[in-house]
Amino acid sequence: MDTTKTPAPTAPEADSPADLKKAATDETTAPAAADTAATEEVPGEELATDLDDLDDLDDIEAAADEEQSSGVASGASAIVAAGLGLVALSGSWTSRVIGERETLKGQISSATATTTEDKIEALYGNAWHMTALVNGVLSTIALLIAVFVLARPAFGAPGRTLPAWVRSVAWAAVVVAAIGVLAFAFMYVLSLPVAPAA
């Protein structure tokens, strides 16, 4: 009786020396392939890096927009200060109306004035003083705005400067407003003319 068994047709054949050698080669190259796969960049990490770059770009654009809006506001403020200083120095409509109102009040009260000095004070003194006061206040406001524009970069981000034209307009506003403040202060304290004695 023959006791040797023949392998079944569907059973895997016994490993030959060539198959064993191939399996050993596959096992040694498998870790190297795994290491290579581990060192490759993961698509998610690359996407995260791109998103970080976009966030940095957004921060830069936001800073540029903020600086541009700050420059626009400073320029507008400098122009307003210069215009207000010129209006105050040449005489504003508001000061003229208030002066005419004081003149009218003086005409009413001068009817009861007994001396010439009282009549001059009633007719002209209050009107002149109110005109000088209103224009002096406008000049002071213009001066404060111009000084604020020039001093603002010192309190902002380091290294930020105003454009040259904004600085020029602001300095012009400072000069005009300072002249107005001095002129109207002098007008306010100036004494009224005295009528000659009869």
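Please refer to the structure placed before this passage.
Residues numbered from 1 in each chain as written. Predicted model: local features only at pLDDT ≥ 70, side-chain atom pairs only at ≥ 80, totals over all residues. Heavy atoms only, no water.

So, about helix α3 (residues 93-109). The terminal C-alpha atoms of α3, which comprises 17 residues, lie 24 Å apart, in line with the 24 Å expected from a rise of 1.5 Å per residue. Buried within α3 we find Ser95, Gly99, Glu102 and Gly106. Along α3, the residues classed as buried sweep out an arc of 65 degrees about the axis, all on the same side. α3 presents Trp93, Glu100, Arg101 and Ile108 as exposed residues on the side facing more than 90 degrees away from its buried surface. (Helix = DSSP H or I, 4+ residues; strand = E, 2+ residues; numbered from the N terminus. Expected span 1.5 Å × (residues − 1). Buried < 20%, exposed > 50% of the residue type's maximum accessible area, 1.4 Å probe, protein only. Arc of directions from axis to C-beta.)

This part covers the environment of Arg96. Within the secondary structure layout, Arg96 lies in helix α3. Judged by relative accessible area, which is 44%, Arg96 ranks as partly exposed. Along the backbone, Arg96 and Ala132 are 36 residues apart, and their C-alpha atoms lie at a distance of 9.9 Å.

We now examine the packing of α3 against helix α4 (residues 116-155). Where α3 meets α4, the axes come as close as 7 Å, and the angle between the chain directions of the two elements is 160 degrees. Classified by the interaxial angle, the pair formed by α3 and α4 is roughly antiparallel. Taken as a pair, α3 and α4 cross one another with a handedness that is right-handed. Across the interface between the two elements, Thr94, Ser95, Ile98, Gly99, Glu102, Thr103, Gly106, Gln107 and Ser109 of α3 pack against Ala122, Leu123, Asn126, Ala127, Met130, Thr131, Val134 and Asn135 of α4. The class makeup of the residues in the contact of α3 with α4 is 6 nonpolar, 10 polar and 1 charged. (Axes fitted to C-alpha atoms, helices over the stretch in contact; angles between N-to-C directions. Parallel < 35°, antiparallel > 145°, perpendicular 65-115°, else oblique. Left-handed = near helix turned anticlockwise from the far one by under 90°. Contact = heavy atoms within 4.5 Å. Nonpolar A, V, L, I, M, F, W, Y, C, P; charged D, E, K, R; others polar.)

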